[in-house]
Amino acid sequence: MRVLSKPTAYVLTHPVAFALHTLRSFSRNQGLLLAGAVAYYALLSVVPLLIVSVIALSSLVDQAELLQTLGRYLEWVVPSQSRAILADVTAFLKNGVAIGAVLLATMLFFSSVAFAVLEKAMCIILAHRGTITKRHFVVSAVLPYCFVLLLGATLLGVTLASVTLQTMAQESVHILGRDWSLSGVSGVLLYLLGFSVETLILAALYLAMPVAPIRVSHALVGGFSAALLWEVLRHVLIWYFATLSNASVVYGSLTTAVVVLFSMELAATVLLLGAQVIAEYERLRDE
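Every value quoted in this text rests on a predicted model; they were computed, and no experiment measured them.

This brings us to helix α9 (residues 216–243). Given a rise of 1.5 Å per residue, 28 residues ought to cover 40 Å, and the 40 Å separating the end C-alpha atoms of α9 matches this to within 8%. Along α9, the positions that sit buried rather than exposed are His-218, Ala-219, Gly-222, Gly-223, Ala-226, Ala-227, Trp-230, Glu-231, Arg-234, Leu-237 and Phe-241.

On to the packing of aromatic side chains, then. If you walk through the whole model with that rule in mind, you get 2 aromatic pairs. Seen from their ring centres, Tyr-40 and Tyr-41 are 5.0 Å apart, and the 75° between their planes marks the pair as edge-to-face.

Further remarks concern a nonpolar patch on the surface. Where nonpolar side chains cluster on the molecular surface, the patch consists of Val-188, Leu-189, Tyr-191 and Leu-192 and spans about 330 Å² of accessible area. Along the chain, the position of Leu-192 falls in helix α8 (residues 183–208). By relative accessible area, Leu-192 is classed as partly exposed at 44%.

Within the secondary structure layout, Ser-263 lies in helix α11 (residues 255–286). Once residues within four sequence positions are removed from consideration, Ser-263 is found in contact with Val-77, Val-78, Pro-79, Trp-230, Leu-237 and Phe-241.

Attention now moves to the environment of Ala-267. Positionally, Ala-267 belongs in helix α11. Spatially, the C-alpha atom of Ala-267 lies 8.0 Å from that of Ala-39, the residues being 228 residues apart in sequence.

Right, let's talk about the nonpolar core for a bit. Within the largest apolar cluster, 58 residues are counted, with the highest numbers of intra-cluster contacts made by Leu-118, Tyr-206 and Leu-272. Where this core is concerned, the elements lending two or more residues are α3 (31–57), α4 (63–77), α5 (82–94), α6 (101–125), α7 (137–169), α8, α9 and α11. A per-element tally of this core places α11 first, with 11 residues.

Our focus in this paragraph is the environment of Ser-45. Mapped onto the elements of the fold, Ser-45 is located in helix α3. Since its relative accessible area comes to 5%, Ser-45 is described here as buried. Once residues lying within four places of it in the same chain are set aside, the contact partners of Ser-45 are Met-107, Phe-110 and Ser-111.

Moving on, we come to the pattern of salt bridges. Close approach of charged atoms lets side chains of opposite charge pair. If you walk through the whole model with that rule in mind, you get 2 salt bridges. Among the ionic pairs, Glu-231 bridges to Arg-234, the shortest N-O distance being 3.0 Å. Of this pair, Glu-231 and Arg-234 both sit in helix α9, separated by 3 residues, roughly a single helical turn. The burial state of Glu-231 is the same as that of Arg-234; both residues are buried. The closest approach of N and O atoms between Glu-280 and Arg-283, which form a salt bridge, is 2.4 Å. Taken together, the residues span about one helical turn, with Glu-280 and Arg-283 both in helix α11 at a distance of 3 residues. Since its relative accessible area comes to 2%, Glu-280 is described here as buried. Residue class for Arg-283 comes out partly exposed when judged on its relative accessible area of 25%.

Running from N to C, α9 and α11 cross one another at 150°; their axes reach a closest spacing of 9 Å. In this view, α9 runs roughly antiparallel relative to α11, as classed from their interaxial angle. Judged by the twist between their axes, the crossing of α9 over α11 is right-handed.

What counts and what doesn't
Residues numbered from 1 in each chain as written. Predicted model: local features only at pLDDT ≥ 70, side-chain atom pairs only at ≥ 80, totals over all residues. Heavy atoms only, no water. Helix = DSSP H or I, 4+ residues; strand = E, 2+ residues; numbered from the N terminus. Expected span 1.5 Å × (residues − 1). Buried < 20%, exposed > 50% of the residue type's maximum accessible area, 1.4 Å probe, protein only. Phe/Tyr/Trp six-rings, centres within 6.5 Å; stacked < 30°, edge-to-face > 60°. Patch = residues over 30% accessible without salt bridge, like charges linked within 9 Å, V, L, I, M, F, W, Y side chains within 5 Å. Areas by Shrake-Rupley, 256 points an atom, 1.4 Å probe, with all protein chains shown as cover. Salt bridge = Lys/Arg side-chain N within 4 Å of Asp/Glu carboxyl O. Contact = heavy atoms within 4.5 Å. Core = buried A, V, L, I, M, F, W, Y, C linked by side-chain atoms within 4.5 Å. Axes fitted to C-alpha atoms, helices over the stretch in contact; angles between N-to-C directions. Parallel < 35°, antiparallel > 145°, perpendicular 65-115°, else oblique. Left-handed = near helix turned anticlockwise from the far one by under 90°.

Functional significance is not addressed by these values, which are geometric in nature.
Here it is in structure tokens:
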């Protein structure tokens, strides 16, 4: 009985060839240009989106815990710049400014544009499926806001789980006459929680964005591949900004915006590369 499918067996036995073919296809699809467009609109919507999310969830979770969790996982998206973004969000909340129609409209508009650009980029990368009937405009209009609600619910769940794990870190177990602290276990579980949530969010994007449905297993393969690649790049970025970067000398007061945009473009590139992995995997299946 065959345990692995033929495409999976090919990928496992020829990983370098599969990776090079994926990169060549990504280059032909102008993936870097598409990632730049996605990153630009994501940058315009990220701070308003965070402000709205914190205000909405503060009635359910302590705001300090929420901001602490937000800061921890923002570091996964914009390495070395999460404090600057969180400082803007905190300053807005401390000033007690009521959320107005302009802020809400800004967040909704740029979020919808970012999702629309991402949807078109996915269509280009998954063009091997042929001509597909366009999604109904109502679905395209509602989908970004549904995903924003999903992100808010995810942030709430991650915050509650983080509080539980941090509480566990203060405990210890008595084994063989010694007290063993659970802080190390808690740290590992926090990391695994973040990586798992990252993988599932990426897989959800791969399921929701393309017009034609994608198998859940393929979406998970793309999500895991993108999350794994981003983990490597994230640690490289942290090391680079801490040791070699002279961005503050070159860009001055624009440093934060430039670095955040650069990080988001890399993240968008990884996101689209994950979609390209799915496309190449589907080609292998069809062949």
